[in-house]
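Now for the letters of each chain:
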Amino acid sequence: MSVQLSVLVHTPAHSQLAGPLTYQSELPLAPGTLVRVPLGQRETLGVVWNTQLGADAPQPPPSNWEIKPITAVLGGLQPLSDAWKQLVGFSASYYQRSLGEVALSALPPQLKGLDATQLERRLRRKPLSAPSSEPSAATESDTWQPTTSPWAPPELTPAQAEVLQRMHCTHTQKGPFLLFGATGSGKTEVYLRAVQKVLEADPKAQALVMVPEINLTPQLEARFEQRFAQLLGADFKPDTLVSMHSGMTGPQRLKSWLAAHQGNARIVLGTRMAIFASMPHLQLIVVDEEHDPSYKQQEGARYSARDLAVFRARLENAPVILGSATPSLESWHHSRPAAEGGRYLRLEMPDRVGGQSSFPLVRRVDMNHQPKSAVFSPPLLQAIQDRVARGEQCMVLLNRRGYAPVLQCSDCDWKSACAHCSAYRVFHKTDRTLRCHHCGYTERVPRHCPACGNPDIRPLGRGTEQLEEHLSELLHAVARPDGSPVRVARIDADTTQKKGTLESQLASVHAGDVDVLVGTQMIAKGHDFRGITLVAALNPDGALFSSDFRAPERLFSLLLQAAGRAGRSPDLSAQSEMWVQTHHPQHPLYAALKAHNYPEFARQQLSEREQSTLPPFSYQALLRADARTQEVAQGFLNAARLAATQLPAAEHVSCFAAVPLTIQRVANVERAQMLLESTSRTALQHHLAQWHTLLHALKKDPAHKGVIRWAVDVDPLAI
Ligand code: ADP
Ligand code: ZN
Ligand code: ZN
């Protein structure tokens, strides 16, 4: 007697086979079991979803459909847990994607290629660098136990102690916790202790620690490794701490995933994808820099790993810690007092470790009173010169936007537009090319203006590359204390393309081999530069008047982070400064920055958002469509809008007119979007779920056959 099973396989997002498929099996299999199944001409990986007939039970197959047997069971692996399945189920429905797509993309790609025998072989393989478990090796492993050097973690600061005590106090709420801690206040130490506590209380417990960009934070990995190697001694095996991020190779990802799934990994450190890690004994989730936009996936299922962390923690009945010096306004709002409806517990660490709470002095340079063409205002330049002459380091932050070095003709109107996008190509001096940052289209710089033949074509505005050059010229007469010339260096996406270059460049800053560091926001995040005493933002105003309502939030966070780079060293912190060149020195955002007052900034922003009913006071979704022409793309969106008005929840959801994206055309594809907004998350969710079926039907309509793709983005970060 065989049984019928519903099995998830990777189906294309918009295929009609969106739900689980039905297969038969000789043996009953537990939900969550990994299997190999035939699909069309192929054989593929599947996840047994449900064995009961119920809500998401097997879709009745077409009557002429023969129910095929599964090919094999990946028997060496425990079934995926119920909580994991619920996480996948929630993500698929909330972000409007198919279950199969979400479930299968949550598994390591290499797992999909292994048949049962290969997997068994893989599971038998010992981790390469694992200490051998044979008795003869025991003495050897004894030698590296830290028995000789008595080691102690740092004594907690009173703020850290209080925060941890409130987290562990069984009488207060179990979270979610918003750890609102200044840069350098010792949040990482709090994470380490919280993880330690969980691991010590239960020998099986697992903790998930998420960071926005693991490549920028190898320090964090090192700190966790150092701490837990010490704490666990011989119990710290090579797979006790594993990473999960997109920079890893297929085999590495599979190895980490297996370690987590089998419970060997006690700590998983990863980027947003790690939220889907199979961790059967998950007992704590940490989301560091929770405000960071990188937590939002920008393609496929456009999930927010931060939001899913909160959801997953509740599922697993585990605490979650969201940490930031500049929380997202959503999280900040959720952490208002419980009496006002707050659901998160806000824990504060306002001061830097060591009592050096002195935040850099913020100086606003009124650019209305500076020479018109000056990139560096004379007072800023003077300040940089003084610092360099004293042997201190400076950091110059450039907002890439508005400074992209576009080429233009000095005679006619020609600019280096991209032939395929509604954007300008950027001048790259090193290889003398014009490169489109959207589609990649690259050409050598022309000798003459393509429009009028004028040989005088030159950059408009400045990029980091030219800024570095310009600054070197301005500073050429300045000498360092030992009489040697000033050294200016640049770190941005261009200089760090080769693997390892970022690390070596950062190392030279740390070593003091660089006097002035020029770069984009990449340099503002997380680095613990000790010698920097002056940070300057050259042109931050653009974000104040952006069409994107989140731009000020991102700017404030960036500036505060950047300011946090200055004065990290106690003996230098007293005279550290943050310079802001602005045409709007009186803007409240800068006033809040000067006062180092995130709560005040959040208050301003939240009251503006409340007045305009923007998130977190409303919920949004975008429908995006790509086509060869705007007409076709917008035609689809407007038809979708019309269809939406027929839906039951329509009166609770505002649906705005279709508009082109800011970068309207990329690689010859026209892009448009339409915004949906509701004050009720539930209403919006219902609406989207029903709308989805209509959209599938609409796309099939010959009138819209020119639509290349469409997608829904729930809780979009940029509109
Ligand atoms: P954050 O993550 O909040 O920016 P960190 O955790 O990186 O801050 O801490 C800043 C610095 O203070 C680090 O060099 C860290 O080693 C040190 N530190 C943290 N907690 C303590 C403590 N309790 N005692 C001494 N030094 C500490
Ligand atoms: Zn010209
Ligand atoms: Zn292009």
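Rules and cut-offs
- Residues numbered from 1 in each chain as written.
- Chains lettered and ligands numbered in written order.
- Predicted model: local features only at pLDDT ≥ 70, side-chain atom pairs only at ≥ 80, totals over all residues.
- Heavy atoms only, no water.
- Pairing = 2+ DSSP bridges.
- Helix = DSSP H or I, 4+ residues; strand = E, 2+ residues; numbered from the N terminus.
- Axes fitted to C-alpha atoms, helices over the stretch in contact; angles between N-to-C directions.
- Contact = heavy atoms within 4.5 Å.
- Near = heavy atom within 4 Å.
- Polar contact = N/O pair within 3.5 Å; in protein donor to acceptor, adjacent residues only side chain to side chain.
- Areas by Shrake-Rupley, 256 points an atom, 1.4 Å probe, with all protein chains shown as cover.
- Nonpolar A, V, L, I, M, F, W, Y, C, P; charged D, E, K, R; others polar.
- Donors = N, O, S within 2.8 Å, 3.2 Å for Na, K, Ca; no water.
- Tetrahedral: all angles 85-135°; square planar, octahedral: opposite > 155°, others 65-115°.
- Buried < 20%, exposed > 50% of the residue type's maximum accessible area, 1.4 Å probe, protein only.
- Phe/Tyr/Trp six-rings, centres within 6.5 Å; stacked < 30°, edge-to-face > 60°.
- pLDDT = per-residue confidence, 0-100.
- Core = buried A, V, L, I, M, F, W, Y, C linked by side-chain atoms within 4.5 Å.
- Expected span 1.5 Å × (residues − 1).

Looking at the sheet that holds strand S10 (residues 282–288)
Two orientations exist for strands paired in a sheet by backbone hydrogen bonds: parallel and antiparallel.
Turning to step 1, where the next piece is worked out: Spatial strand order, S8-S9-S7-S10-S11-S6-S12: 7 strands in an open sheet with parallel pairing. Looking along the sheet, the strands with just one partner apiece sit at the ends: strand S8 (241–244) and strand S12 (345–349). On average, adjacent strands in this sheet sit at an angle of 20° to one another, irrespective of strand direction.
Turning to step 2, where the next piece is worked out: By the bridge criterion, 4 bridges tie S8 to strand S9 (residues 267–270) in an arrangement that is parallel. Counterpart to Leu 241 in the pairing with S9 is Ile 267.
Turning to step 3, where the next piece is worked out: Across the sheet, helix H6 (residues 187–201) is in contact with strand S6 (177–181), strand S7 (206–210), S9, S10, strand S11 (320–324) and S12; its angle to S10 comes to roughly 175°.
Turning to step 4, where the next piece is worked out: Across the sheet, helix H8 (residues 250–261) is in contact with S7, S8 and S9; its angle to S8 comes to roughly 125°.

Things to note about the site of ligand 1
Turning to step 1, where the next piece is worked out: Lining the immediate surroundings of ligand 1 are 16 residues, of which Glu 155, Gln 160, Gly 184, Lys 187 and Thr 188 lie closest.
Turning to step 2, where the next piece is worked out: With respect to ligand 1, the backbone of Ser 185 contributes an N or O atom lying 3.3 Å from an oxygen atom.
Turning to step 3, where the next piece is worked out: With the chains in place, 72% of the 560 Å² that ligand 1 exposes on its own is no longer accessible.
Turning to step 4, where the next piece is worked out: It is H6 that contributes the most residues to the shell around ligand 1, 3 residues altogether.
Turning to step 5, where the next piece is worked out: Its residues assigned to classes, the shell around ligand 1 shows 4 nonpolar, 7 polar and 5 charged.

Quick notes on the coordination of the zinc ion (ligand 2)
Turning to step 1, where the next piece is worked out: Coordination of the zinc ion (ligand 2) by the protein involves Cys 409 (SG), Cys 412 (SG), Cys 449 (SG) and Cys 452 (SG), with metal-donor separations of 2.3 to 2.4 Å.
Turning to step 2, where the next piece is worked out: Every donor counted, the 4 donor atoms about the zinc ion (ligand 2) form angles of 106 to 115° at the centre, which fits tetrahedral coordination.
Turning to step 3, where the next piece is worked out: Sequence positions of the residues that donate to the zinc ion (ligand 2) give the spacing C-x2-C-x36-C-x2-C. With Cys 409 in strand S15 (residues 406–409) and Cys 449 in the loop between strand S18 (442–444) and strand S19 (457–460), the pair connects residues that are 40 residues apart, well separated along the chain.
Turning to step 4, where the next piece is worked out: Judged by relative accessible area, which is 4%, Cys 409 ranks as buried.
Turning to step 5, where the next piece is worked out: By relative accessible area, which is 3% here, Cys 449 ends up buried.

A short note on the packing of aromatic side chains
Turning to step 1, where the next piece is worked out: Enumeration over the complete set of coordinates arrives at 12 aromatic pairs.
Turning to step 2, where the next piece is worked out: Look at Phe 276 and Tyr 303: their rings are 5.1 Å apart centre to centre, the planes differ by 85°, and that puts the pair in the edge-to-face class. On the criterion of sequence distance, the pair formed by Phe 276 in the loop between S9 and S10 and Tyr 303 in the loop between S10 and helix H9 (305–316) is long-range, its members being 27 residues apart.
Turning to step 3, where the next piece is worked out: Overall, the relative accessible area of 6% leaves Phe 276 in the buried class.

What about the coordination of the zinc ion (ligand 3)?
A four-donor tetrahedral metal ideally has 109.5 degree angles, and a six-donor octahedral metal ideally has angles of 90 or 180 degrees.
Turning to step 1, where the next piece is worked out: Ligation of the zinc ion (ligand 3) by protein atoms is provided by Cys 418 (SG), Cys 421 (SG), Cys 436 (SG) and Cys 439 (SG), these donors lying 2.3 Å from the ion.
Turning to step 2, where the next piece is worked out: Classification of the site at the zinc ion (ligand 3) as tetrahedral follows from its 4 donor atoms and the range of 105 to 113° in their angles at the metal.

Digging into unusual backbone geometry
Turning to step 1, where the next piece is worked out: Note that the residue after Pro 615, namely Pro 616, is joined by a cis bond; omega there is 5°.
Turning to step 2, where the next piece is worked out: Relative to the elements of secondary structure, Pro 616 occurs in the loop between helix H16 (598–611) and strand S24 (619–627).
Turning to step 3, where the next piece is worked out: One non-glycine residue, Asn 317, lies in the positive phi region at around 55°.
Turning to step 4, where the next piece is worked out: With respect to the helices, strands and loops of the structure, Asn 317 is situated in the loop between H9 and S11.
Turning to step 5, where the next piece is worked out: By relative accessible area, which is 55% here, Asn 317 ends up exposed.
Turning to step 6, where the next piece is worked out: A positive phi angle, near 55°, is found at Asp 715, a position not held by glycine.
Turning to step 7, where the next piece is worked out: As for its placement among the helices and strands, Asp 715 is situated in the segment after strand S28 (707–714).
Turning to step 8, where the next piece is worked out: Overall, Asp 715 belongs to the buried group, its relative accessible area being 17%.

Quick look at the confidence of the model for the protein chain
Turning to step 1, where the next piece is worked out: With 88% of its residues at a pLDDT of 70 or more, the protein chain has an overall mean of 87.
Turning to step 2, where the next piece is worked out: For the protein chain, per-element mean pLDDT is lowest for helix H4 (residues 138–143), which scores 40, and highest for helix H10 (residues 329–334), which scores 98.

Focus on the nonpolar core
Turning to step 1, where the next piece is worked out: Ranked by internal contacts, the top residues of the largest apolar core, which has 122 residues, are Leu 34, Leu 107, Leu 623 and Trp 691.
Turning to step 2, where the next piece is worked out: A per-element tally of this core places helix H14 (residues 551–563) first, with 8 residues.
Turning to step 3, where the next piece is worked out: Excluding its chain neighbours within four sequence positions, the residues that come into contact with Leu 34 are Leu 45, Gly 46, Val 47, Val 73, Leu 74, Leu 77, Leu 80, Leu 107, Leu 111 and Trp 257.
Turning to step 4, where the next piece is worked out: Leu 164, Leu 192, Val 198 and Ile 267 belong to the second-largest nonpolar core, a separate cluster that totals 30 residues.

A short note on the side chain of Glu 577
Turning to step 1, where the next piece is worked out: Mapped onto the elements, Glu 577 comes out in strand S23 (residues 577–582).
Turning to step 2, where the next piece is worked out: Among the residues examined, Glu 577 registers a relative accessible area of 11% and is labelled buried.
Turning to step 3, where the next piece is worked out: At a separation of 3.0 Å, a polar atom in the side chain of Glu 577 contacts the side chain of Arg 363.
Turning to step 4, where the next piece is worked out: Among the polar contacts made by the side chain of Glu 577, one reaches the side chain of Arg 387 at a distance of 3.4 Å.
Turning to step 5, where the next piece is worked out: Contacts of Glu 577, omitting those with residues within four sequence positions, involve Pro 360, Leu 361, Arg 363, Arg 387, Thr 533, Leu 534, Val 535 and Ala 566.

With respect to helix H11 (residues 378–389)
Turning to step 1, where the next piece is worked out: Under the 1.5 Å per step criterion, the end-to-end length of H11 is 16 Å for 12 residues, consistent within 8% with the ideal 16 Å.
Turning to step 2, where the next piece is worked out: Buried within H11 are the following residues: Leu 380, Leu 381, Ala 383, Ile 384, Gln 385, Arg 387 and Val 388.
Turning to step 3, where the next piece is worked out: Buried-residue contacts for H11 involve strand S14 (393–397), helix H12 (464–474), strand S21 (516–519), strand S22 (532–537) and S23.
Turning to step 4, where the next piece is worked out: Phi turns positive one or two residues past the end of H11, at Gly 391, with a value near 85°.

So, H9
Turning to step 1, where the next piece is worked out: The end-to-end C-alpha distance of H9, which contains 12 residues, comes to 16 Å, matching closely the 16 Å that a straight helix rising 1.5 Å per residue would cover.
Turning to step 2, where the next piece is worked out: Taken across its 12 residues, H9 has 9 buried, putting it largely inside the fold.
Turning to step 3, where the next piece is worked out: Along H9, the positions that sit buried rather than exposed are Ala 305, Arg 306, Leu 308, Ala 309, Val 310, Phe 311, Arg 312, Ala 313 and Glu 316.
Turning to step 4, where the next piece is worked out: Looking at the buried residues of H9, the elements they touch are helix H1 (82–94), S7, S10, S11 and H10.

Brief notes about the pairing of S21
Turning to step 1, where the next piece is worked out: Neither face of S21 is exposed, since Val 516 and Val 518 on one face and Leu 517 and Gly 519 on the opposite face are all buried.
Turning to step 2, where the next piece is worked out: As paired strands, S14 and S21 are joined by 4 bridges and run parallel to one another. If you follow Met 395 over to S21, its bridge partner there is Leu 517.
Turning to step 3, where the next piece is worked out: Direction of pairing for strand S20 (residues 488–491) relative to S21: parallel, over a ladder of 4 bridges. When the bridges of S21 are listed, Ile 491 appears paired with Gly 519.

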